[in-house]
Amino acid sequence: MVDMASEKFDILKHELVPRHEVLKPEEAVEVLRSLGVRPEQLPYLRASDPVARAIGAKPGDVVRITRRSPTAGRVIVYRFVIAG
Amino acid sequence: MPGEKEVRSIKFGMLSPDMIRKMSVTAIVTPDVYDENGMPVKGGVMDPKLGVIEPDQKCETCGNKLAACPGHFGSLELARPVIHIGFVRHIHEILRSTCRKCGRLKLREEEIDKYLELLNRLKDRWPQLAESLSEYVKRRAMKVFECPHCGEKQYRIRYEKPTTFIEEGPLGKLPPTFIRDWLSRIPDRHLRVMGYDPEIAHPSWAVITVLPIPPITVRPSILLETGIRAEDDLTHKLVDIIRTNERLKEAINVGSPEIIIEDLWDLLQYHVTTYIDNEVPGVPPAKRRSGSPLRTLAQRLKGKEGRFRNNLSGKRVDFSARTVVSPDPYLSINEVGVPVDVAMNLTVPLRVTSWNIDEMRKYVLNGPFRYPGANYIIEPNGRRLDLRYNKDLKAVAEGLKPGFIVERHLLDGDIVLFNRQPSLHRMSIMGHVVKVLPGRTFRLHLAVCPPYNADFDGDEMNLHVPQTPEAQAEALTLLLVQEHILSPRYGGPIIGGIQDYISGGYLLSSKVALLTKDRVSDLLASINYEGEIPEPAILAPKRAWLGKQLISLLLPEDFNFAKEAKISSGALKCVNEECFWDSYIVVKKGKFLMGVIDKNAIGAQQPESMLHYIVREYGPSFGRSFMDKAFRLFLRFIEMRGFTMTIDDILIPPHAYEEIKEVFRRALDEISRTITLYKEGKLEITPGRTLEESLELKILEILSKARDEAGDLAVKYLDPFNNVFIMAKTGARGSALNVTQMAAMLGQQSVRGERIHRGYTFRTLPFFGKGDIGPEARGFVLNSFVKGITPVEMFFHAAGGREGLVDTAVRTSQSGYMQRRLINSMLDVIVEYDGSVRSTYGDLIQFRYGEDGVDPKNASFGKAVSVDRVVRKHVGWRIE
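Here the structure is a predicted model, which means the values were calculated and not measured.

Conventions adopted
- Residues numbered from 1 in each chain as written.
- Chains lettered and ligands numbered in written order.
- Predicted model: local features only at pLDDT ≥ 70, side-chain atom pairs only at ≥ 80, totals over all residues.
- Heavy atoms only, no water.
- Domains from an automatic or database assignment.
- Core = buried A, V, L, I, M, F, W, Y, C linked by side-chain atoms within 4.5 Å.
- Buried < 20%, exposed > 50% of the residue type's maximum accessible area, 1.4 Å probe, protein only.
- Contact = heavy atoms within 4.5 Å.
- Buried area = accessible area lost by both parts, 1.4 Å probe.
- Salt bridge = Lys/Arg side-chain N within 4 Å of Asp/Glu carboxyl O.
- Helix = DSSP H or I, 4+ residues; strand = E, 2+ residues; numbered from the N terminus.
- Polar contact = N/O pair within 3.5 Å; in protein donor to acceptor, adjacent residues only side chain to side chain.

## Re the domain arrangement of chain B
Then, number 1: What the domain assignment reports for chain B is domain 1 (18–73 + 214–218), domain 2 (82–207), domain 3 (232–315), domain 4 (320–484), domain 5 (500–641) and domain 6 (648–806).
Then, number 2: For domain 3 of chain B versus domain 5 of chain B, the separation of C-alpha centres amounts to 73 Å.

As structure tokens, then:
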């Protein structure tokens, strides 16, 4: 049995968890500008989401997720971190 | 228009008693509706002040005539208040979270301040969060049993369906008067924290003290042929309410005992409840004299036949027609055959100009009863002239001037929309070019049956005529059938050859189709071919042309294609160009060199076919004309050759039946051996199955092998090139299994994937011994359709067949509901010009459509570009 609560288990290393990274404010602004959206128009990521907690994302952050896609190979998507 | 305003937002709330009184033009005081003269009684539910019902009558309230008077509300003062059934949930919630004495929210003042501040911050940007915060606050307050403000002990409040609230304390049943006072006591601030805006929806208004009486236009009475007036359900219900209200008032005034007042009060509550919603659980629905339940306020709005789904989301239209469809292979796939009678009823508005005035005059002169004519003329001042009632068409035609609009009959070449329900995908409505034909049915080309899922066993279809140039242009460029040959569902042609087109294509393209010059001329004439006839492929002993040569004439000059044909299987299998059996299609530089045309080349719903690449690489317009010509050619050829199915095609000699029986006997032996093994406990268990399941599986396997063997046996005795086989092999119709079932045996019948075992105790039918698990006792059918099946076999076959029927019935209803939900959730999600998928608010749904931004309609092998195909297309061949 894997003890999920313990610090030993790093979910970021799990193969089903794609790469998440918190963007710097300047980067986030640039991303939002290029997409032409306000932050709350992005899909949400809860701050309580295990991955969000693991990378230390706080409400108001923009997170970049890089993952593999069956149709396009590699895809980059963004999430807006909300409280909860 | 003066006073025109823009709607920016809508706010929903409750009507306050004051508001109702202010809106009211008259108080309703009497249950009487009409007096002895049949005139509406003043102060009754049909009071003339509530609005006009007859034309030319002036409204007593607003002075307008019928068309302009909007109707006016009245009001009824209830002797005792009652609960509004629509808000019982909210009332219960508030009663539980507020103090029974002081009415304040059962949380400390500081907490309320804190939540209120948080709520105000959340409200604008996160309305959903604000809502759940209110829920949380209420939930917390409900758990408090001593008021933090006044210290009063609190009790649990039970809600008893439909409209009773009971305190599990000293008060017991709470009367609506008490509830209203309680709700009125709650401070506004506290209401706000709970998510109520006291300005527009104060909870105390959920207890009805004044009932608004809707205008008569909302509940018109209908005059039956017998001259008797039939009142609307709402009117009936209102009369009930007023009558009960009067009795209650009377009882209170004369000081009747409390029980009688209570009873009348409950009755009033019942009437008001059913007046609002006649389908409340726990309340017997109010019935008409005929016994059918009344359609009251909630019923008018709710459900499929309600105001929303029937009248607001769905509308009825003019300029449409509906009739039975029938096939016409001589049309283009872009066309639709329209009966003359329909064409004379549907019209297209045309503006008269100095260039078309002569033509327009001709239509007007022909009038509405002679085709091609016109039905209406609209003068520049907006006056409509109905030509049906105009005796002097000549004068009207003379008077025609530029600027007039003529609504002329539908003509050949007009664009219309054609539709068949259920409209499940976008190809269910396509634009067709009109071809006016004699007869009474819509005619359509057989190749467009798959997108509409139409057949001709009585199907009806709808036709709509776009009225504006914009709509016509849009239909012509976006909706035309040829623009929908490729389906986004699977990136292949959904429009293509079916049935006889495939058989015909096969016969024409096969090696044996040697054609004389007469035949060639006949065939080419059928497609209006203009040009040289190619050199014959065979010069001696007689000059003869191959069908392949004719097909080459239709292909683009630089077209390269290679693929296995559908018939490529078994002994005649071909995997590349070097193959003798002619079942590998090779097209080089527009010449059809090898192989045959079958489902893999021109079939509908076949991606990566020859047809697919023709449409993809040469455009929809070329694709359409290719199909029009090729299909007509195939049909002409199959007509010349003749194509039918005879009993001989599936009849095998008697001794073959003996062989089949032998196959069955061997299977029986094997099964009994397996059963013996099972009984001895030596049967090998399939992983993940029980012993019994393993046995069943084993038996099923043996029997299915037996059927296949029997099928192969039958095939051995049949002519492999008879018409039934041609259809099965080319994919035109039917399958090898169908042939087996007709010629050899039906095989195992199944229900829910298992052998049939239910019925009597331990047996399926009384003709078998108890516990018999042999093939015959469990639904194995040894006979074929040609030979005929026994009554017992017939029973099993019907049992298996019924499952299929049930499945389709269940599936359609389930998928219909799923479709409705999917549509409602996605209907205004769009792909923006930057390739992202967004909602109407601009919220991002997908950063790039499908993550790769590829339109599945124009994709091949799931990619925007298929290297394989590009090489094949330009080089003509490719190393495998």
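Now, onward.
## Considerations on the nonpolar core
Then, number 1: Membership of the largest hydrophobic core comes to 83 residues, with the highest contact counts inside it found for A:Leu42, B:Leu95, B:Phe165 and B:Ile179.
Then, number 2: For A:Leu42, the residues in contact, after removing those within four places along its chain, are A:Leu32, A:Leu35, A:Val37, A:Val62, A:Tyr78, A:Arg79, A:Phe80, B:Leu844 and B:Phe847.
Then, number 3: Among the nonpolar cores identified, the runner-up in size contains 75 residues, and B:Ile333, B:Met461, B:Ile602 and B:Met727 belong to it.

## Considering the interface of chain A and chain B
Interfaces are often sized by the amount of accessible area the parts lose when they come together.
Then, number 1: Opposite the 19 residues of chain A that make contact, chain B presents twelve residues.
Then, number 2: Of the roughly 1,200 Å² buried between chain A and chain B on both sides combined, carbon and sulfur atoms contribute 54%.
Then, number 3: Interface area lost by chain A to chain B is led by A:Leu35, A:Gln41 and A:Thr71, which between them contribute 39%.
Then, number 4: Here chain A is connected to chain B by one salt bridge.
Then, number 5: Note that B:Glu851 is salt-bridged to A:Arg67, the shortest N-O span being 3.7 Å.
Then, number 6: For the side of chain A that touches chain B, the secondary-structure elements that each account for two or more residues are β3 (62–69) and β4 (73–82) of chain A.

## A few points about the side chain of B:His432
Residue and element names in this part refer to chain B.
Then, number 1: Position of His 432 relative to the elements: it lies in strand β15 (residues 429–437).
Then, number 2: Here the side chain of His 432 touches Glu 335 through a polar contact of 3.0 Å, landing on its backbone oxygen.
Then, number 3: A distance of 2.7 Å separates a polar atom in the side chain of His 432 from a polar atom in the side chain of Tyr 452.
Then, number 4: Apart from the residues within four sequence positions on either side, His 432 is in contact with Ile 333, Asn 334, Glu 335, Val 336, Asp 414, Ile 415, Val 416, Phe 418, Val 448, Tyr 452 and Val 481.

## Details of the pattern of salt bridges
Then, number 1: Evaluated as defined, the whole model comprises 51 salt bridges over all chains.
Then, number 2: Here A:Arg19 makes a salt bridge to A:Glu21, at a shortest N to O gap of 3.2 Å.
Then, number 3: For B:Glu709, the salt bridge goes to B:Arg666, with nearest N and O atoms at 3.2 Å. One end of the pair, B:Glu709, is in helix α22 (residues 691–717); the other, B:Arg666, is in helix α21 (residues 654–680), with 43 residues separating them in the sequence.
Then, number 4: By relative accessible area, B:Arg666 is classed as partly exposed at 42%.
Then, number 5: What emerges from the salt-bridge pattern is a single network uniting B:Glu93, B:Glu135, B:Lys138 and B:Arg139.

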